Amino acid sequence: MTVENPLFKTVSVIGLGYIGLPTAATLATRGPEVIGVDIRQSVVDRLNEGKAHFSEPDLAMLLEAAVKTGKLHAVTEPQPADAFIIAVPTPFLDDKSADLSYVENATRALARVIKKGDIVILESTSPVGTTRKICDWIGEERPDLKLPLDGRAGDVNVAYCPERILPGRMVFELVENDRIIGGMSEACSQRAETLYKLFVRGALLRTTAATAELVKLIENAYRDVNIAFANELSVVCEKFGLNVWEAIALANRHPRVNILSPGAGVGGHCIAIDPWFLISAAPEETALMAAARHVNDSKPLHVLDRVRKQLDRFKQPKVACLGLAYKPDVDDLRESPALQITAALADEGFEVLVVEPHVDELPNGLAGRKNVIKCDLDDAIHQADVVVALVGHSSFKNVSRDVLLSRSVIDAVGLWQH
Ligand SMILES: NC(=O)c1ccc[n+]([C@@H]2O[C@H](COP(=O)([O-])OP(=O)(O)OC[C@H]3O[C@@H](n4cnc5c(N)ncnc54)[C@H](O)[C@@H]3O)[C@@H](O)[C@H]2O)c1
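Residues numbered from 1 in each chain as written. Predicted model: local features only at pLDDT ≥ 70, side-chain atom pairs only at ≥ 80, totals over all residues. Heavy atoms only, no water.

Draft legend 1. Expanded view of the domain arrangement of the protein. Domain annotation of the protein identifies domain 1 (10-202) and domain 2 (219-411). Put simply, the middle of domain 1 and the middle of domain 2, counted by C-alpha atoms, are 33 Å apart. The partner domain 2 presents 14 residues to the 16 residues of domain 1 that form the contact. In total, domain 1 and domain 2 occlude about 1,300 Å² of area from one another, counting both sides; carbon and sulfur atoms represent 59% of this. Together, Y18, F92 and K96 form the three largest contributors to the area buried by domain 1 at its contact with domain 2, with a combined 37%. (Domains from an automatic or database assignment. Contact = heavy atoms within 4.5 Å. Buried area = accessible area lost by both parts, 1.4 Å probe.)

Draft legend 2. Just the packing of aromatic side chains, in detail. For the structure on display, the rule yields 2 aromatic pairs. Both rings, one in Y196 and one in F199, keep their centres 5.7 Å apart while their planes meet at 55 degrees; by these two values the pair is tilted. The exposure classification of Y196 matches that of F199, with both residues buried. (Phe/Tyr/Trp six-rings, centres within 6.5 Å; stacked < 30°, edge-to-face > 60°. Buried < 20%, exposed > 50% of the residue type's maximum accessible area, 1.4 Å probe, protein only.)

Draft legend 3. Summary view of unusual backbone geometry. At D58, a residue that is not glycine, the phi angle is positive and equals roughly 70 degrees. In this structure D58 comes out as partly exposed when scored by relative accessible area, which is 48%. Even without a glycine there, the phi angle at D329 is positive, about 65 degrees. Tracing the backbone through its elements, the reader meets D329 in the loop between β9 (318-322) and α12 (337-347). On the accessibility criterion, D329 (36% relative accessible area) is partly exposed. (Helix = DSSP H or I, 4+ residues; strand = E, 2+ residues; numbered from the N terminus.)

Draft legend 4. Seen up close, the nonpolar core. If you look at the biggest cluster of nonpolar residues, it comprises 40 residues, and the most contacted ones within it are L27, L72, I121, L195 and Y196. Counting residues in hydrophobic clusters, the runner-up holds 36 residues, among them A81, I114, C135 and V156. (Core = buried A, V, L, I, M, F, W, Y, C linked by side-chain atoms within 4.5 Å.)

Draft legend 5. The arrangement of empty space enclosed by the protein in detail. A complete count under the given rule lists 1 cavity of 30 Å³ or more for this structure. Considered as a void within the structure, the largest cavity measures approximately 30 Å³ in volume. Around the largest cavity, the lining residues are P162, E163, R164, E173, L174, N177, D178 and R179. Along the lines of polarity and charge, the residues of the lining of the largest cavity split into 2 nonpolar, 1 polar and 5 charged. (1 Å grid on protein atoms, 1.4 Å probe; cavity = no way out; pocket = protein on both sides within 12 Å on 5 of 7 lines; lining within 4 Å. Points joined across faces, edges and corners; volume = space filled by probe spheres on them. Nonpolar A, V, L, I, M, F, W, Y, C, P; charged D, E, K, R; others polar.)

Draft legend 6. A look at the layout of surface pockets. In this structure, the second largest pocket occupies an estimated 480 Å³ of space. Taken together, 23 residues make up the lining of the second largest pocket; nearest its centre are N243, W245, D411, W416 and Q417. Every element with two or more residues in the lining of the second largest pocket is listed here: α8 (209-240), α9 (244-251), α11 (287-311), α14 (401-405) and β13 (408-411). Across the lining of the second largest pocket, the residue classes break down as 12 nonpolar, 5 polar and 6 charged.

Draft legend 7. Up close: the packing of helix α4 (residues 101-111) against helix α5 (residues 130-141). Viewed as axis vectors pointing N to C, α4 and α5 meet at an angle of 40 degrees, and their least axial separation amounts to 9 Å. Taken together, the axes of α4 and α5 are oblique relative to one another. Relative to α5, α4 is oriented so that their crossing is right-handed. Only T130, I134, W137, I138, E140 and E141 of α5 make contact with α4, whose side of the interface consists of V103, E104, T107, R108 and A111. (Axes fitted to C-alpha atoms, helices over the stretch in contact; angles between N-to-C directions. Parallel < 35°, antiparallel > 145°, perpendicular 65-115°, else oblique. Left-handed = near helix turned anticlockwise from the far one by under 90°.)

Put into structure tokens, the structure is as follows:
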């Protein structure tokens, strides 16, 4: 499906990570010439070879086609384009407020090449008010341009259009998901909607930039609170010596109850971070969200305690840690509770057998340590005294029950509850 639009001959995607790269590759198959921009030379080089620097279903194929046809290439500095999509990281600072330095740097860099009529769209998850700051930063770099403030049209357009795609289904969801379009003015929303119509089949839902910023944070805080409930239940069930997965499955047979699954904690670049953008900005008003963050952040420590208790039963115990990623079937280790637990066990001097089929090499903190060995699943389980399931990777599901029965097993993710 190519829906070319003369407004967007060239589109620039700034930040070629988990969000920017699939977006750039998808756009490049829908008409515009796409210029990817990333400050990491290695990412730029890899893209120009037609390759992704992380694995995601269908991305490699899309990327190869986009680069081969000359529709997509990457550079390290912004170049002129008709639209700029910013997808750079928004981590938090020590006080848990958002670190907007990546967004600011990207904005100031693109402001130098922006021209009248262009649109700048922020996709990075950001605190309420960030899109307004983008206008201020562009204004400081380019006093010659009128910005779209107080709902009035400007020389350039600025909008916030958050991303809600799921790793593992990104290429599909980029096209199919409904999308929030939050312009700084009606004209900005219209222009942004025209751009997303090039590749989105889901509904495009217009609102203001500030509401769009809030909606994205609400979505992730909602997930965090619901996961916290499941994690809290897992600790309650342990106290009573009951099986949390059975209890939740039975409770979910109630027509209006739908409890999520507990795990080793909450990780990743989104749910573990984004609620803080609301909590730090409105601490008095977010008691529930803050409690959920606390519950989810405490869960890895709770799992760690359970593992230590099992390990204490052996003289020189070996522990198999199954999974390092922050969720099943991906290679993303950011903020991963599984990695946190594994690293803590390694720091305490235990012999740790790590099984992570989705990464080739152990990450910093585990690599090069004498007491940490990367193993395949069978090896690890056969050697280990204690087996800890930390991530529900599909490839872990079919371990022989007999082998597991002869080990001390802690299943933090409900892998083998059947
Ligand atoms: N990963 C997800 O599942 C997901 C989902 C929804 C929203 N988001 C949000 O999208 C944003 C990006 O997340 P991500 O997972 O793609 O991050 P990422 O770390 O995978 O990628 C960001 C890229 O931006 C590059 N970068 C940093 N500063 C730059 C600059 N000034 N100019 C050009 N490139 C720059 C980095 O080198 C990196 O390659 C974040 O705000 C995140 O919260 C992520």
